Amino acid sequence: MSNSLFAIDAGHYIDTPGKRCLKSIDPGETREWVLNSRIADKVQERLQGYNCSTMRVDDVTGEKEISLSKRVALANQADADLYLSFHHNAGIHGGSGGGCVVYVAPVAQEQSIVVQKAIYESVVAATGLRGNRANPMARASLYVLRHTTMPAVLVEFGFMDSTTDTPIILTDEFAEQAACGVVSALISLYDLKEEGDETVTYEQWKEYMDRYLAERAELPANEWAQAGLEQAKVKGITDGTRPQSFATRQEVALMVRWLSDNKKKEARE
């Protein structure tokens, strides 16, 4: 079973300078933290139904700036199994293209690379926002990737200054799809199971079955069967033990053989 702990970081906070959508594309200049937090909220909501835990290392109201060092420290102190940092990109300056990009540290743990690939492929499959980046699974010397003790990835869910990406990433539908993509990757990588969906292994089933058979063997014969059981004991068909146990095929075969031989013997006499 998993019981993994995922540290979720919605990058920045509401008033981080400059972190907003390009006004010419989005007149409301939606702040990056709002987009980041929306996906983080949806990921947490979906993971509530699975055998894992989540923690937020940013301020969930977005009103308070939490330093990167504190975010990382919270995850490290909690001994989280994975650090997920959610962001939205910029740098196209009103041009087209962009897409999703997932980063790991320059010197990354092997599991970070596994998660990077899985999340990128799953998010792109869910959203269709592949983009035109030459290296959408990149390495970067970002603080939250370098200082976390657990595997860590930073996901950029499209560009806030792209005429292609911005109208898409502003929609709630995109946030739903992105969250589904992230959760789908985590389910596969961390063997997450839905709560209440306990799978019984073969070894467990055998243990349960052996216990059931042992308990059944201790049950006395039913009243209506006692006379017949006594007659069978007299004739040597059974020794009378385990009256309510299931008979194996070999036991049935021996009883049939005994009855057949007995009838032949009676016929000769």
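Here, every reference points to the structure presented above.
In short, a report on the structure. (Residues numbered from 1 in each chain as written. Predicted model: local features only at pLDDT ≥ 70, side-chain atom pairs only at ≥ 80, totals over all residues. Heavy atoms only, no water.)

### Side note on the packing of aromatic side chains
And step 1. With the rule as written, the count across this model stands at three aromatic pairs.
And step 2. Summarising the aromatic geometry, the rings of Phe6 and Tyr190 are spaced 5.2 Å apart at their centres and angled 80° between planes, so their arrangement reads as edge-to-face. Taken together, the residues Phe6 in strand E1 (residues 4-10) and Tyr190 in the loop between helix H6 (172-189) and helix H7 (202-217) connect sequence positions 184 residues apart.
And step 3. Look at Phe86 and Phe157: their rings are 5.4 Å apart centre to centre, the planes differ by 75°, and that puts the pair in the edge-to-face class. Linking Phe86 in strand E3 (residues 82-89) with Phe157 in strand E6 (residues 152-159), this pair joins segments that are 71 residues apart in sequence. Phe157 carries the same exposure label as Phe86, and that label is buried. (Phe/Tyr/Trp six-rings, centres within 6.5 Å; stacked < 30°, edge-to-face > 60°. Helix = DSSP H or I, 4+ residues; strand = E, 2+ residues; numbered from the N terminus. Buried < 20%, exposed > 50% of the residue type's maximum accessible area, 1.4 Å probe, protein only.)

### Details of helix H1 (residues 32-47)
And step 1. Helix length check: H1, at 16 residues, gives a terminal C-alpha distance of 23 Å against a target of 22 Å (1.5 Å per residue), a fit within 8%.
And step 2. The complete set of buried residues in H1 reads Glu32, Trp33, Leu35, Asn36, Ser37, Ile39, Ala40, Lys42, Val43, Gln44 and Leu47.
And step 3. Lining the buried residues of H1 we find E1, strand E2 (52-56), E3, E6, helix H5 (166-169) and H6. (Expected span 1.5 Å × (residues − 1). Contact = heavy atoms within 4.5 Å.)

### So, unusual backbone geometry
The phi angle of most residues is negative, glycine excepted, and most peptide bonds adopt the trans form.
And step 1. Not every positive phi belongs to a glycine, and Asp79 is a case in point at roughly 55°.
And step 2. By the element assignment, Asp79 lies in the loop between helix H2 (68-77) and E3.
And step 3. Relative accessible area serves as the criterion here: at 60%, Asp79 is assigned to the exposed category.
And step 4. Unusually for a residue other than glycine, Arg242 sits at a positive phi of about 50°.
And step 5. With respect to the helices and strands, the residue Arg242 is situated in the loop between helix H8 (226-235) and helix H9 (249-268).

### With respect to the side chain of Ser85
And step 1. Tracing the chain through its elements places Ser85 in strand E3.
And step 2. Residues within four places of Ser85 in sequence aside, it is in contact with Asp9, Val144, Val153, Leu154 and Val155.

### Looking at helix H3 (residues 110-127)
And step 1. Helix length check: H3, at 18 residues, gives a terminal C-alpha distance of 26 Å against a target of 26 Å (1.5 Å per residue), a fit within 8%.
And step 2. Within the sequence span of H3, burial applies to Ser112, Val115, Gln116, Ile119, Tyr120, Ser122, Val123, Val124 and Thr127.
And step 3. The elements touched by buried residues of H3 are E3, strand E4 (100-104), strand E5 (137-139), E6 and H6.
And step 4. Immediately beyond the C-terminal end of H3, within one or two residues, lies Gly128, with a positive phi of roughly 80°.

### Regarding the pairing of E2
Two faces make up the sheet, and in a regular strand the side chains alternate between them.
And step 1. Where E1 lies against E2, five bridges are found, and the strand directions are parallel. Considered in E2, the bridge of Leu5 is made with Ser53.
And step 2. Handedness of the E1-H1-E2 crossover: right-handed. (Pairing = 2+ DSSP bridges. Right-handed = clockwise from strand over helix to strand, strands pointing away.)

Function cannot be read off these values alone, since they describe shape.
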